[in-house]
Amino acid sequence: MKKIIRNVVFASSLSAVYLYAIPYTIDNSHSYINFKISHMIVSNVDGNFSKFSGKVDIDEKSKMLNNIEGEIDILSINTRSEERDGHLLGDAYFDAGTYPKGLLKATKISRTRQGIKIETDLTLKGITKKVVFMGELKGPVQNPIIKKDIFGLSLKATINRKDFNIGKETSSSSMGEDVEIYINLELIPE
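Everything in this summary refers to the structure shown in the same document.

Rules and cut-offs
- Residues numbered from 1 in each chain as written.
- Predicted model: local features only at pLDDT ≥ 70, side-chain atom pairs only at ≥ 80, totals over all residues.
- Heavy atoms only, no water.
- Pairing = 2+ DSSP bridges.
- Helix = DSSP H or I, 4+ residues; strand = E, 2+ residues; numbered from the N terminus.

## Looking at the pairing of strand E11 (residues 175-189)
Part 1 of the argument: Where strand E1 (residues 21-26) lies against E11, 3 bridges are found, and the strand directions are antiparallel. Its bridge partner being in E11, isoleucine 26 is matched across the sheet by leucine 187.
Part 2 of the argument: Taken together, the 7 bridges between strand E2 (residues 32-39) and E11 define a ladder with antiparallel strand orientation. Paired with asparagine 34 across the two strands is tyrosine 182, which belongs to E11.
Part 3 of the argument: Looking at chain direction, strand E10 (residues 148-160) and E11 are connected through 10 bridges and run antiparallel. Paired with asparagine 160 across the bridge in E11 is aspartate 178.

## Digging into unusual backbone geometry
Part 1 of the argument: Geometrically, the link from glycine 139 to proline 140 is a cis peptide bond, its omega value of 10° lying close to zero.
Part 2 of the argument: Of note in the backbone geometry, arginine 80 takes a positive phi value of approximately 70° without being a glycine.
Part 3 of the argument: Within the element layout of this structure, arginine 80 appears in the loop between strand E6 (77-78) and helix H2 (82-89).

## Comments concerning the environment of asparagine 78
Part 1 of the argument: The topology assignment puts asparagine 78 in strand E6.
Part 2 of the argument: Along the sequence, asparagine 78 and phenylalanine 94 sit 16 residues apart, while their C-alpha atoms lie 13 Å from each other.

In structure tokens form, the structure reads like this:
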């Protein structure tokens, strides 16, 4: 009986949390997903994915992020070198022919002194790993064109490419293992 009561209380608290949640979509023209990785130890290569989508739920009362889910189109990678991009899309790296999408799903969101901590499941090349993003939610501010409140979400995380079997045979001295990910999203209500 105690277990049933606990489950009812827990379910009620969850529904209260999502009661004020409003779904937002990403305004791609004001958003980006970038990454940076070291090259030959002495420099960095940066790039981005130009095609992505996702949904974010924000509590309108607390102005807190409730959920985030997203998808990137691996074929949209851009490092400003067609030759390098083609190489990265091949079997040894992203294997985009087999794994054309990358997925991100929040599993836990909390506030910290530094901003927002988002624990996620990140899937690349068919492999899902736990990745923690730190960031900040800004807003709301009314967009004068659409006459709706919008938010901004900035996130940062570091992953190890070899955890996802991306370039697992490539030495760490020619291509760093750590990849910094920067996500900047402008969010508009659905």
